[in-house]
Amino acid sequence: MADSIMSKAATMEIPINSNGDTGTLPEDDSLEQDLQQVMVSGPNLNETSIVSGGYGGPAGGIIPTSSIKGTFNKPYIRMKSRGVNLPKSQSAASRLAHHTEQHPGSSNHNTNSTEEVSRGVAVEKLDSVKKWGINTYKCTKQMFSEKFGRGSRTVDLELEAQIDVLRDTKSKYENILRLATALTDHFQRIVQTQQALGDAFTDLSQKSPELQDEFGYNAETQKLLCKNGEALLGAINFFVSSVNTLVNKTMEDTLMTIKQYENARLEFDAYRSDLEELSLGPRDAAGVVRIEMAQHEYQIHRDKYERLRSDVTIKLKFLEENKVKVMHKQLLLFHNAISAYFAGNQQQLEQTLIQFNVKLKPPGSDKPSWLEEQ
């Protein structure tokens with residue numbers, strides 16, 4: 001029986017999987033059973049010999065299996081597609097690793113690049129927060145020192161005086177703007193009342209024959225007053241608009257620059273005080289390094305302070321020139337329009353509007369369109 005089994009095994013290929021177990025041969029079930037029996041109850045290869053000349057050959061061709069023990073401990077898997085024998089212990093993971101070493105992918109490189117970028121952004125933000133914290137601490141310390149009279153501050157007497165004048169002027173102009181706006185609102189109601197009164201007189205003149213002339217005269221008078229009132233409203237609105245631009249845009253822009261200048265002055269004094277404190281300390285190696293760093297920061301904030309001080313000086317000069325030019329025109333317009341209206345001089349009032357290029361809005365233009373109401 002063993003001879004028949006070995007003869008069949010010599011002519012057929014026995015598949016061995018990764019676990020060293022025998023595969024299946026669907027074409028011959030009896031051969032599979034015989035092979036399993038030999039594998040279980042057959043002789044131990046380590047205790048037998050391999051005959052070089054075939055099974056049952058002469059003893060001179062016998063080779064002890066102990067000399068090739070390692071060969072049987074690592075069975076080979078036949079790779080039919082490539083004709084290469086690979087050891088069983090070389091699994092798919094090891095082959096994938098070997099392929100990755102030969103062809104490294106771009107996924108690891110992309111991941112490392114993303115991590116480096118994220119790390120760089122985090123470090124940059126951390127440095128920014130650190131610098132902000134140090135600057136805030138120094139400025140707060142300087143501010144409290146000045147309030148409690150324990151610290152010194154840099155003062156430009158001439159510039160500080162101009163800034164105080166600007167703030168006072170802005171406050172007074174805001175009061176003029178508020179009063180002129182109130183005058184516009186009140187006069188707008190007067191004009192609307194005159195318009196309604198003129199319509200009422202016109203209606204009564206048509207329905208009261210005995211008083212037709214009297215109602216007609218009053219209706220014409222109210223309509224004329226209403227027309228002149230609309231002209232005066234146009235002049236006042238132009239005045240309010242110009243003053244509003246001067247106060248809330250031009251002056252406000254200059255005050256924003258002044259605020260930046262004051263912050264720069266506080267930072268400059270803070271770093272100046274820090275440098276003075278370090279200069280009084282020990283002059284060892286670490287102290288010299290700190291003094292040099294403080295000197296560098298002091299120079300940076302000094303340049304910023306001087307630059308903003310120059311900007312404030314220039315803006316104050318141009319603001320004063322612009323204020324005089326604008327208010328000269330607007331005050332002349334306001335005076336001529338008010339005088340002509342209350343003098344009843346319609347021709348002079350119209351000439352004033354033409355002189356200052358004041359365009360009246362058509363009736364009903366202030367009402368929102370039907371599209372805006374949606």
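Scroll up for the structure.
Reading guide: rules and limits
- Residues numbered from 1 in each chain as written.
- Predicted model: local features only at pLDDT ≥ 70, side-chain atom pairs only at ≥ 80, totals over all residues.
- Heavy atoms only, no water.
- Phe/Tyr/Trp six-rings, centres within 6.5 Å; stacked < 30°, edge-to-face > 60°.
- Helix = DSSP H or I, 4+ residues; strand = E, 2+ residues; numbered from the N terminus.
- Buried < 20%, exposed > 50% of the residue type's maximum accessible area, 1.4 Å probe, protein only.
- Patch = residues over 30% accessible without salt bridge, like charges linked within 9 Å, V, L, I, M, F, W, Y side chains within 5 Å.
- Areas by Shrake-Rupley, 256 points an atom, 1.4 Å probe, with all protein chains shown as cover.
- Salt bridge = Lys/Arg side-chain N within 4 Å of Asp/Glu carboxyl O.
- Arc of directions from axis to C-beta.
- Contact = heavy atoms within 4.5 Å.
- Polar contact = N/O pair within 3.5 Å; in protein donor to acceptor, adjacent residues only side chain to side chain.
- Core = buried A, V, L, I, M, F, W, Y, C linked by side-chain atoms within 4.5 Å.
- Axes fitted to C-alpha atoms, helices over the stretch in contact; angles between N-to-C directions.
- Parallel < 35°, antiparallel > 145°, perpendicular 65-115°, else oblique.
- Left-handed = near helix turned anticlockwise from the far one by under 90°.
- Nonpolar A, V, L, I, M, F, W, Y, C, P; charged D, E, K, R; others polar.

Asker: Sorry if this is basic, but what is going on with the packing of aromatic side chains here?
Answerer: Aromatic ring pairs are reported here in terms of the distance separating the ring centres and the angle at which the planes meet. Considering all chains together, one arrives at eight aromatic pairs under this definition. Judged by centre distance (6.1 Å) and plane angle (35°), the ring pair of F201 and F215 falls under tilted. In this pair, F201 sits in helix α6 (residues 157–207) while F215 sits in helix α7 (residues 212–279), placing the two residues 14 residues apart along the sequence. Residues F201 and F215 agree in their burial class; the two are buried. Ring geometry for F239 versus F334: centroids 4.9 Å apart, planes at 40°, classification tilted. Taken together, the positions of F239 in helix α7 and F334 in helix α8 (residues 285–342) put the pair 95 residues apart, joining distant regions of the chain. Exposure remark for F334: the relative accessible area of 26% places this residue in the partly exposed category. Here the aromatic cluster, defined as three or more aromatic residues joined through ring pairs, consists of Y261, F268, Y298 and Y305.

Asker: Teacher, can you tell me more about a nonpolar patch on the surface here?
Answerer: A cluster of nonpolar side chains, M143, F144 and F148, forms an exposed patch at the surface whose accessible area comes to about 310 Å². Mapped onto the fold, M143 is located in helix α5 (residues 107–147).

Asker: Honestly, unusual backbone geometry in this entry has me stumped. Any pointers?
Answerer: For residues besides glycine, phi is generally negative; the peptide bonds are generally trans as well. Even without being glycine, N357 reaches a positive phi, approximately 55°. N357 gets classed as exposed once you look at its relative accessible area, which sits at 57%.

Asker: Which parts of the structure should I look at to understand helix α9 (residues 346–355)?
Answerer: Three- or four-residue spacings in an α-helix give side chains the same orientation, since the helix completes a turn every 3.6 residues. Residues of α9 that are buried include every one of L349, T352 and L353, and no others. Along the axis of α9, the buried positions cluster into a sector of 95°, meaning they face one direction only. Seen from the open side of α9, the exposed residues pointing more than 90 degrees away from its buried face are Q347, I354 and Q355. Turning to α9, the residues buried within the fold contact α7 and α8. Regarding α9, its N-cap is N345, as a side-chain oxygen of that residue lies 3.4 Å from the backbone nitrogen of Q347 further along. A positive backbone phi angle near 55° is found at N357, which sits one or two residues after α9.

Asker: Please clarify how the pattern of salt bridges should be interpreted in this entry.
Answerer: Enumeration over the complete set of coordinates arrives at 15 salt bridges. Here D274 ties to K138 by a salt bridge, and the two come within 3.1 Å at their closest N and O atoms. Placement of the pair is D274 in helix α7 and K138 in helix α5, with a sequence separation of 136 residues. Between R272 and D269 there is a salt bridge; the shortest N-O distance is 3.3 Å. Residue R272 and its partner D269 are located together in helix α7, separated by three residues, close to a single helical turn. Of the two residues, R272 and D269, both sit in the buried class. Because the salt bridges share partners, they merge into one network encompassing R265, D269, R272 and E276.

Asker: So what exactly am I meant to see when it comes to the side chain of T169 here?
Answerer: Position of T169 among the secondary structure elements: in helix α6. For T169, a relative accessible area of 15% corresponds to the buried category. With residues near it in sequence (within four places) discarded, T169 still touches M251 and K323.

Asker: Before we go on, may I ask you to explain the nonpolar core in this structure?
Answerer: With 43 residues, the main nonpolar core has I163, L166, I258, Y261, V312 and L316 as its most contacted residues. At the level of secondary structure, the elements contributing two or more residues to this core comprise α6, α7, α8 and α9. Tallying contributions element by element places α7 first for this core, with 18 residues. Aside from chain neighbours lying at most four places away, what touches I258 is I163, L166, R167, V312 and L316.

Asker: Would you mind showing me how to read the packing of α8 against α9 here?
Answerer: Direction vectors running N to C along α8 and α9 enclose 160°, while the axes themselves pass 8 Å from each other. Of the possible angle classes, the one that applies to α8 and α9 is roughly antiparallel. Crossing hand, α8 versus α9: left-handed. Judged by residue contacts, L333, N336, A337 and A340 of α8 engage Q348, L349 and T352 from α9. Here the contact of α8 with α9 is built from residues that sort into four nonpolar, three polar and no charged.

Asker: Any chance you could explain the packing of α7 against α9 here in plain terms?
Answerer: When two helices pack together, their arrangement is given by the angle between the helix axes and the distance between those axes. Across the interface, α7 lies against α9 with an axial gap of 10 Å and an inter-helix angle of 30°. One finds that α7 runs roughly parallel with respect to α9. The handedness of the crossing between α7 and α9 comes out as left-handed. Here L224, K227, N228, A231, L232 and A235 of α7 lie close against α9, whose contacting residues are Q346, L349, E350 and L353. For the contact of α7 with α9, the residue count by class is six nonpolar, two polar and two charged.

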